Structure formats: structure tokens, C-alpha cells
Amino acid sequence: MTHSHSSADGGLTVLLVVEDDDDYRAILAETLVEAGYRVESAIHGLDALARLRAGVKPAVILLDMMMPVMDGWSFVAALKEDTALSTIPVIATTGAGDRVLLSAPVSAAYLNKPINRERLLATIELCISRAQNV
């Protein structure tokens, strides 16, 4: 049974997955859709910024730190400079280990790949509820 997560306007809660690995992005998206979210995807930070500036309004951004074109660090720096986008919670992900992850300049959360499904969903829920209580 799928449980859907609704946003304030009654639509499905949107999550933005920023991941350069096609297979991993597809698996993440499928997991999140099955959990009742609407998923937007981007293949690197620049693609994600373009989607955000075009009007995609995610409740949470799942951000791979190691990507070509624009990596996670550059993406977060650009996000913080844009007041309309700077409040979106960002969950950093990487397969490169804790040292890389802990250097990620995000405030919401950090997850090592491969990401456990239950931990992923619980972390997203926590980030959304925190953001709503601000």
C-alpha cells in the first residue's frame, strides 16, 4: 500500500533528486514514488538549479556531492546565494565515505550510499517536518 505525502496545496510533496548516476537516480526515484512522493530529477547541480529557477518547488533536495559539471559543494553555494531557494532542506549523499560527506556544507542531513530505504524515508520525513516548524 502506498502512502501519499501531500503538500500544503494538496498535491504530492515534491522531492528533487540530484544524482549523476542514471541507474542510482532511477532506483532512488522509484523508491520515493512508491513511498508517495512526486520526484523531479536532475543530473548535476547546474541542471538542478535550472529546474529550481524554472519553478520546481521541492520540499527536500537529495544531493549527490560528487558530480560532473557542478558538484554538490558548488550547488549548495549557489543555492545559499538565492534567497528564494536557500531555505530548502538539502540531504547530502555520497558513496565516497564520511570524510567527503562531513565536508558537505548542508544543514539538513548526510547519508552514505548505498542508502537504506527506511533511513532515507525517515530522514526525508524529519527534514520536511523540521522545515514546516520553522
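How each quantity is defined
- Residues numbered from 1 in each chain as written.
- Predicted model: local features only at pLDDT ≥ 70, side-chain atom pairs only at ≥ 80, totals over all residues.
- Heavy atoms only, no water.
- Helix = DSSP H or I, 4+ residues; strand = E, 2+ residues; numbered from the N terminus.
- Buried < 20%, exposed > 50% of the residue type's maximum accessible area, 1.4 Å probe, protein only.
- Contact = heavy atoms within 4.5 Å.
- Areas by Shrake-Rupley, 256 points an atom, 1.4 Å probe, with all protein chains shown as cover.
- Pairing = 2+ DSSP bridges.
- Right-handed = clockwise from strand over helix to strand, strands pointing away.
- Axes fitted to C-alpha atoms, helices over the stretch in contact; angles between N-to-C directions.
- Core = buried A, V, L, I, M, F, W, Y, C linked by side-chain atoms within 4.5 Å.

Visitor: Go over the overall build of the protein with me, naming the residues and quoting the values.
Guide: The secondary structure content of the protein amounts to five helices and five strands. Ordering the α and β elements of the protein from the N terminus gives β-α-β-α-β-α-β-α-β-α. Taking all 134 residues of the protein together, the buried fraction comes to 48%. In the protein, the share of contacts with a sequence separation of at least 24, taken over all contacts with a separation of at least 6, comes to 61%. Summing over all exposed atoms, the protein offers an accessible surface of approximately 7100 Å²; the carbon and sulfur share of this is 53%.

Visitor: Requested: an account of the pairing of strand β3 (residues 60-64), with residues and values cited.
Guide: Most of β3 sits inside the fold, with five of its five residues counted as buried. Alternating residues of β3 divide into Val60, Leu62 and Asp64 and Ile61 and Leu63, and every residue in both groups is buried. The pairing of strand β1 (residues 14-18) with β3 spans four bridges and is parallel. Its bridge partner being in β3, valine 17 is matched across the sheet by leucine 62. Handedness of the β3-helix α3 (residues 72-81)-strand β4 (residues 90-94) crossover: right-handed.

Visitor: I'd love a proper account of the sheet that holds strand β5 (residues 109-112), names of residues and values included.
Guide: The strand order across the open sheet built from five strands is β2-β1-β3-β4-β5, with neighbouring strands paired in parallel fashion. The sheet is open, and its two edges are formed by β2 (38-42) and β5, each paired on a single side. Sheet twist, expressed as the mean angle between neighbouring strand axes with direction ignored, is 20 degrees. Strand direction decides the pairing type here: β3 and β4, joined by four bridges, are parallel. What sits directly across from aspartate 64, in β4, is threonine 93.

Visitor: Tell me about helix α2 (residues 45-53), residues and numbers included.
Guide: Among the residues of α2, those classed as buried are Gly45, Asp47, Ala48, Leu49 and Leu52. If you follow the buried residues of α2, they end up packed against β1, β2, β3 and α3. Remark: glycine 55 follows α2 within two positions and exhibits a positive phi of approximately 115 degrees.

Visitor: Residue-level account of the environment of valine 76, with values.
Guide: Structurally, valine 76 is set in helix α3. Given a relative accessible area of 3%, valine 76 falls into the buried group. Separated by 14 residues in sequence, valine 76 and valine 90 place their C-alpha atoms 8.3 Å apart.

Visitor: Please provide a residue-by-residue account of unusual backbone geometry, values included.
Guide: Its identity is not glycine, yet valine 69 carries a phi of approximately 70 degrees, on the positive side. With respect to the helices and strands, valine 69 occurs in the loop between β3 and α3.

Visitor: I'd like a rundown of the pairing of β5, residues and numbers included.
Guide: Here β5 shows one buried face, formed by Ala109 and Leu111, and one open face, formed by Tyr110 and Asn112. Of the strand pairs in this sheet, β4 and β5 are connected by four bridges, and their pairing is parallel. Paired with isoleucine 91 across the bridge in β5 is alanine 109.

Visitor: Can you tell me about the nonpolar core, naming the residues and giving the values?
Guide: Membership of the largest hydrophobic core comes to 20 residues, with the highest contact counts inside it found for Leu32, Tyr37, Ile91, Leu120 and Ile124. Of all elements in the fold, only β1, α1 (22-34), β3, β5 and α5 (117-132) reach the threshold of two or more residues within this core. Tallying contributions element by element places α5 first for this core, with five residues. Not counting the four nearest positions on each side in its chain, leucine 120 is found in contact with Leu28, Thr31, Leu32, Leu62, Leu111 and Ile115. Ranked by size, the runner-up nonpolar core spans 19 residues in total, among them Met65, Val76, Leu85 and Ala92.

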